[in-house]
Every structure is written in structure tokens, then in C-alpha cells.
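Here is how the chains run, residue by residue.
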Amino acid sequence: MNGIMKSKMTADSTRQATARQSNLELMRIVLMLVIIAHHLVVNSGLIDAIAPGAFDAKTLFVVLFGMWGKAAINAFVMITGYFMCTSQLTRRKMLKLLGTFYFWEITCDLLFIFAGRMSINECVMGLLYPITSINKGFTASFLFMYLLIPFMNGMIEALDKCTMKRLLVLLAFVFVVVGTFVPSSAVFSEVGWYVFLYILAAYIRLYPPEWGASYSRTAIAFVCGIVASVFSIVILLLLGARLGWPVTRAYYLMIDSNKLMAFIAGVTCFLFFLNVNVKSSRGINLVASSTFGVLLIHSGSNAVRRLIWGDLLNVVNAWGSMDLMQLALYCCFAVGLVFIVCSCMELIRQVLFRRLSPA
């Protein structure tokens, strides 16, 4: 099996070099913009401000604008699996992730404590977040999954292609099919789900399907995934308008990462960008390096969410006072502004730490 893995790594070296250009780095940027849009809708109180059973142009725009967050998370995790399945998890990599998390956690918490917007207890809970929020939040679950990389890689190396495929089918059935269609099923585990995505990305890396290497085919699959996801939202919105449901029910097939449409949209997005031909770009790679920091900064705590979406951008007020075109422009502006400001903050942190670290 070791010989097979080595030959696979050698045969895949050209593809890896291409992928390491800027196509997946560009995807990181797109995914983070999508995640910010999702947070604008669900963390600002905007989705809760829409009357139950509403179905109009503004409601449709808001729901569609914020529907892609979990699908983006799926594609984001798959990038890690794709690159790390043939790499080693070093202490430096893990400390770099933890260092980024704790820098922004401590910095933001201290600022909010001095401003009187956060209690000491909230600050302590924030520092314990990587432990207390496993299976409850993306960052904590992702960091824990990162610790499992050596074990996952060892398992992947020990499995042949057929066995690995059977494992993925079994996990997909439990997480996606049962998790989506069996009422009140409790099969979903955030860490377990990220492990599944990691193994799936590793399978795509080691045993790429022929159709998955075609730009046109993956583009068609991606478009079909988007259309099907939008169709599911519209159908549930229409049904909710008849039955007086809260509009959040329209997100059922996208609300969790393991739901059917979130899974399909995330995987097809990953496959599409894997085949996008983007030459190496220092600018794209630089901005992409800030995306994890952008996530940590703008969604690090309830205090940060209230400041951004409430005090500064006042998204709920925009919903009530603007027409459709104004609201659409405002939401796009807000997402772009949050990304640019947070990206600049993270890039400044990287420069400072690079200068402070020993040569």
C-alpha cells in the first residue's frame, strides 16, 4: 500500500502544483465572502425580522443571499483534506492556527472589555472556546479535526481504493441521507462530518474520477448544484407562505453542513474550482492567506457580531427602510467592507509577527 501511495503522490505532483497555483486560493476568497454574506443574514437578526409566511422580492433576495454559508464551509474543509492528506501535520502548522485564533480572541476581548461591551466571564469563555465548543462551532471543531490529521492520514494510507470508497458511501448514507430525511435524527457530529469531508477530499486527490478532471463537466455539475439548491429554497418558501412558517424553515436542506443540498453545493463547488485554470498570483495567494483570520475576526464573539451587524452596519434597519435594489447594493457593500477591513487587519498581523519572529 505504501508503494501505491507513493506512486499516487508522484503521479499527482503535476496536478498538485497546478492546484497550488491560485485556483483553490481564489476559492478561499470566494468562500469567505459567501460565509460573511451568510453571517450578515443569520447573525444580524435580519432573518428573524422577516414576518412568518412572507414571500416577496425582498424576502427572496435575503434568503438566497444568505443561504450558502454551510456549503462554503464544506468546500473550505475539503481544501484542507485535499492538501493535507499527503502532508504531515507539524507542530509549527498547529501552533500557527492556534496562534492566529488566540491573537484575535485576546485582542478583540480586551478591546471589548475596556469598552464595557464584554464581561470578564465572557472573555474567559472565549479563551476556552476551542475546548468548550467542539461540535458546537466551526473553529473549535476544525481545530480538533486538525489534530486528527496524522491518524486520518494513517488510515487513508492503510485503505485501498475500494475499501475507501465503501467507507465514504457508508458515511455519506449516515450523515447525508439519514441526517436529511429521517426526522429528529441525531446522527450529525460536526467533527465527524469534517473527518468525512477530509477523507472525501483525500479520495478525490488520490483517486481522481475521470469526469472530475473535466472543467466542462464539473462546471455543469456546479451549476446544477446551485440551481437545485435555489429551487429547494424557493419551494420551501412557497410552502411556508401557505402554512405561515418562519422563513428560516426554507433553509432546511441547507441549514446544516450535512444536509443534502449543502453537501451537493459544497462538493460541486470544490470540484469546479479544482479545474479552474488560474495562473499563480501573488495577490490572490496573499489575500487568501488572510481568510482564516477574516473568519475569526468578524464572527469571534456575540459582542463582535452586535458591533458589526448592529451598531456599525445596522442591517435590520436597512431591511425596513430600503427597497429591493438599495438593500441588495447595501448587503453587497457590507460584505465587501467587512472582508476588506478584516483581511487588512489579518495581513497586518502576519507582517508584524513575521518581523517579530526569529529568522
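This text follows the structure it describes.
Calculation rules
- Residues numbered from 1 in each chain as written.
- Predicted model: local features only at pLDDT ≥ 70, side-chain atom pairs only at ≥ 80, totals over all residues.
- Heavy atoms only, no water.
- Helix = DSSP H or I, 4+ residues; strand = E, 2+ residues; numbered from the N terminus.
- Rg over C-alpha atoms; globule rule 2.2 N^0.38 Å.
- Buried < 20%, exposed > 50% of the residue type's maximum accessible area, 1.4 Å probe, protein only.
- Contact = heavy atoms within 4.5 Å.
- Areas by Shrake-Rupley, 256 points an atom, 1.4 Å probe, with all protein chains shown as cover.
- Lys, Arg positive; Asp, Glu negative; His and termini not counted.
- Charge placed at Lys NZ, Arg CZ, Asp CG, Glu CD.
- Axes fitted to C-alpha atoms, helices over the stretch in contact; angles between N-to-C directions.
- Parallel < 35°, antiparallel > 145°, perpendicular 65-115°, else oblique.
- Patch = residues over 30% accessible without salt bridge, like charges linked within 9 Å, V, L, I, M, F, W, Y side chains within 5 Å.
- Salt bridge = Lys/Arg side-chain N within 4 Å of Asp/Glu carboxyl O.

Brief notes about the overall build of the protein chain
Okay, step 1: When helices and strands are tallied, the protein chain shows 20 helices and 0 strands.
Okay, step 2: Relative to the compact-globule value of 21 Å for 359 residues, the protein chain shows a C-alpha radius of gyration of 21 Å, a close match.
Okay, step 3: Expressed as lengths along the three principal axes of its C-alpha atoms, the size of the protein chain is roughly 65 × 55 × 40 Å.
Okay, step 4: Going through the 359 residues of the protein chain one by one, you find that 48% of them count as buried.
Okay, step 5: Summarising the internal contacts of the protein chain: among those between residues at least 6 apart in sequence, 82% fall at separations of at least 24.
Okay, step 6: Of the roughly 17300 Å² that the protein chain leaves accessible, carbon and sulfur atoms contribute 67%.
Okay, step 7: When the 28 positive and 15 negative side-chain charges of the protein chain are each reduced to one mean point, those points stand 8 Å apart.

Quick look at the packing of helix α3 (residues 23–42) against helix α15 (residues 260–274)
Okay, step 1: Two numbers describe how α3 lies on α15: the axes approach to 8 Å, and their chain directions differ by 140 degrees. When the axis of α3 is compared with that of α15, the two are oblique. Packed against α3, whose contacting residues are Asn-23, Leu-24, Leu-26, Met-27, Val-30 and Leu-31, the element α15 presents Cys-269, Phe-270, Phe-273 and Leu-274 at the interface.

Brief notes about a nonpolar patch on the surface
Okay, step 1: Taken together, the side chains of Ile-120, Val-124, Met-125, Leu-128 and Ile-131 make up a nonpolar region of the molecular surface, amounting to roughly 480 Å² of accessible area.
Okay, step 2: With 3 residues, helix α8 (residues 120–127) is the single largest residue contributor to the nonpolar patch.
Okay, step 3: Structurally, the position occupied by Ile-120 is in helix α8.
Okay, step 4: On the basis of relative accessible area, Ile-120 is assigned to the exposed category, the value being 56%.

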